[in-house]
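Below are the chains, spelled out letter by letter.
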Amino acid sequence: MTVTDGPRILTSRFGHPDSYTLARYLETGGYEGLRKALGMTPEAITAEVDAASLLGRGGAGFPAGRKWSMLRKGPLPYLTVNADESEPATFKDHMLLERDPHQLIEGAVIAAYALQVERVFIYIRGEFALAIERMEKALDEAYGHRAVGRDIFGSGFSVDIVIHPGAGAYICGEETALLESLEGKRGFPRIKPPYFPAAIGLYGEPTVVNNVETLSNLPWIITNGASAWTALGAGRSTGMRLFALAGHVRNPGVYELEMVKTTFRDLIYAPVLGGGILGGRELKAIIPGGVSAPWIGPQDLDVPLGQDEVAAKDTMLGSGSIVAMDETTCVVRAAWRITRFFWRESCGQCTPCREGSGWLEKILLRIEQGAGRENDLDLLMDACDNISPGIVWPPAQTTICVLGPSIPSAIASGIRMFRDEFLVHIKDGRCPHA
Amino acid sequence: MTSFTPQTKHLRPDILERATNIIGLYPHRRSALIPICHLAQEQDGWLTPEAIADIAALVDVTEAEVLGTATFYEMLHTEPVGRYLISICTNIACMLRGAYELMDHAEERLGVRAGGTTSDQMFTLEDAECIADCGRAPCLAVNYRFFGDVSSESFDALVERLSSGELDDEVPPHGTLSRVARKGGLQVDAETVSRERSQFARAAQERARASEAADPGGNERKQKSS
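Just so you know, these numbers come straight off a predicted model, no measurement behind them. In every chain, residue numbers begin from 1 and rise along the written sequence. Labels are handed out in written order, letters beginning with A for the chains and numbers beginning with 1 for the ligands. Confidence filtering applies because this is a predicted model: local features only for residues at pLDDT of at least 70, side-chain atom pairs given and counted only at 80 or more, and all residues used for totals across whole chains, interfaces and linings.

Some details on the overall build of chain B
This is how the line gets drawn: By the criteria applied, helices consist of DSSP H or I runs no shorter than four residues and strands consist of E runs no shorter than two, each listed in order from the N terminus. Each radius of gyration reported is based on C-alpha atoms, and the globular scaling rule is 2.2 Å times the count of residues to the power 0.38. Between the buried cut of 20 or more and the exposed cut of 12 or fewer other C-beta atoms within 10 Å of a residue's own C-beta lies the partly exposed class, and all C-beta atoms are placed from the backbone.
Looking only at helices and strands, one finds 9 helices and 4 strands in chain B. Along chain B, from the amino end to the carboxyl end, the secondary structure elements read α-α-α-α-β-α-α-β-β-β-α-α-α. Relative to the 2.2 N^0.38 estimate, which gives 17 Å for 226 residues, the radius of gyration of chain B is 26 Å and therefore markedly larger than a compact globule would have. For chain B, the spread of C-alpha atoms along the principal axes amounts to about 80 × 50 × 30 Å. Within the span of chain B, comprising 226 residues, buried residues form 39% of the whole.

Description of the pairing of strand S2 (residues 117-124) of chain A
Residues and elements named next belong to chain A. Operational definition: DSSP bridges decide pairing: two strands pair if at least two such bridges lie between them. By convention, orient the strands away from the viewer: a clockwise path from the first strand over the helix to the second makes the crossover right-handed.
Across the 8 residues of S2, 8 count as buried, placing the element largely inside the fold. Pairing between strand S1 (residues 76-83) and S2: 7 bridges, direction parallel. Residue pairing in the sheet places Thr 80 in a bridge with Phe 121 of S2. Here 6 bridges tie S2 to strand S3 (residues 160-165), and the two strands are oriented parallel to one another. For Ile 124, the partnering residue across the bridge sits in S3 and is Pro 165. Between the parallel elements S2 and S3, the chain passes through helix H7 (residues 129-144) in a crossover that is right-handed.

Regarding the nonpolar core
Our working definition: Under the definition applied here, buried Ala, Val, Leu, Ile, Met, Phe, Trp, Tyr and Cys residues are grouped into a nonpolar core through C-beta atoms within 7 Å. The contact criterion used is a C-beta to C-beta distance within 7 Å, with each C-beta placed from the backbone.
Core analysis: the largest hydrophobic core is formed by 203 residues, its most contacted members being Ala 108, Val 109 and Ile 122 of chain A together with Ile 36 of chain B. Ranked by residues supplied to this core, first place goes to helix H6 (residues 101-115) of chain A with 10 residues. Contacts of Ile 122 of chain A, omitting those with residues within four sequence positions, involve Val 81, Ala 83, Ala 108, Met 135, Ile 161, Ile 163 and His 164 of chain A.

Thoughts on the interface of chain A and chain B
Counting residues at the interface gives 63 residues for chain A, matched by 54 residues for chain B. Per-element tally for the side of chain A that touches chain B: the top contributor is H7 of chain A, with 7 residues.

Concerning H7 of chain A
What counts, and what does not: Helices are assigned an expected span. That span is 1.5 Å times one less than the residue count.
Taking 1.5 Å of rise per residue, the 16 residues of H7 of chain A would be expected to cover 22 Å, and the 23 Å separating its terminal C-alpha atoms lies within 8% of that figure. As for H7 of chain A, its buried residues are in contact with helix H1 (22-27), helix H5 (92-99), H6, S2 and S3 of chain A together with strand S4 (145-147) of chain B. Once H7 of chain A finishes, Arg 146 of chain A follows within two positions and takes phi at roughly 65°, a positive value.

Focus on helix H4 (residues 63-70) of chain B
Rules: Regarding the arc, it is the one traced by the directions from the helix axis to the C-beta atoms.
When we look at burial in H4 of chain B, the residues that qualify are Val 66, Thr 69 and Ala 70 of chain B. Down the axis of H4 of chain B, the sector holding all buried residues measures 95°, keeping them to one side.

And the structure:
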């Protein structure tokens, strides 16, 4: 078990109470990656990020270097940073924004230079008030330090950064909805094609949208080189990654771990990490990558925390959030709460998602409250099938964005793994855990 | 944009000045709609019809468009909210650690159901989706300032401290999102960008030509394959 062997890349300053200040940042090697980057050619930086095989950390896991090379060559108007972290139980970007805002600014300027971008918009989830304040303060310091703005470090490269607060809508974490919101509209996802941001993005211009954690890795990758990064992890999952551990564990929190080298068992049970299940109880199920991901069980504890390794279990590492549920958990209630979330957050454009989520929520609630009907499980699966035909993984899509097809995950997992528990609710008219 | 002079009646001069600065950060005025809604809430505690009219004028859209946009977002309130908006997260990570029991307690303590406001307009209680502080579940936010590992006892203590004004420095009244405003506007003008980017483009072309000259065979092969 190598739970503590890897370097601390993203969280190296988290232990300092003043980790968010420019003074601390400069004292700990801050902005050295940017200085080095500005001495390289933009193509060389893209090549380095490509060679690092840095997989995007927002949820989809798309390689950042390839995303960049999908854009037209030459100057680009906009880079957008997705700091709208809202996937339930995901809280790693929130920590990065609050505790190391300069690291994100440095990464964003490196990306802006590589792509020859004119302006960077950092779209921060509105609820993150402290993060917004710290980012604004850090940005002011960065302008003063000449790490942002005109003629950065005398390189002849200039770029502005704008911090844009959201106002509370999960769907704005979806990149096209984020761009709509940034244009001052409702966060309605755009249909792809044609509205791939790389082709038609912000204000109709080609736009890159990168996640906070993805960009925060760039200073280290440029300073230490792609080979140092690919020496960490295995296969396609290179480098370190933040895992947000929550639920029934002794020590919930954000842990920076080497990809693939750590398993779910390590994360949940290692004394220096999760510390085991609360009260020494038994583990019942794991939600491995945000509530959009299908669940896995105790038999999968030895699966390594790597993108392909988790995908092989017909689920995903997604946003890097892992929720442990112990034996006292009512799975009907868990599935209901997750479904209620999607119902509240559906933007309402597409019928299967808007209507389906509401019906599913009502059926799950009545089962949980002891008023379930005999054919309710079939009804649930039928409604799920209408949203995402076949209820397979990766899911089929009948909607503009992936929120819809994310809805069946919890329900289908719950029924597949704990069918008897659902049936007991219906037959006995009450929750066995209540 | 020089001839554009929006007519406003309600927003304070200091708020208007900040709004104008924000508009200047974007290529299109409408992008400033949500940030200015936050400013209006800072002034009034919620989005009043008068503020909506001003915002419409500032970003050059109809009042209906401002209202239609604002109502999409959880944080923008078109009805009055208490001085303190207490958002208790009940999503999965907090639910597993007692969020609904905390909600029951909060409803009893404040004497309102989730969604309601106390009669003295001090507290609005809200059943919130995940606020991304799951390492300290169950957690809540007061005007988006986060409090973790909340028990019934610590909830009561928090309500006391908010009521007495003890937390005024930490928790501003509802509507104030960021107490740090951006200091300057944009630094990089269009002319600078176009000059710099064409310099970089020329340099890139020269590098491409140089590598072509150094490796003509490679270039030939590329042409054949394409």
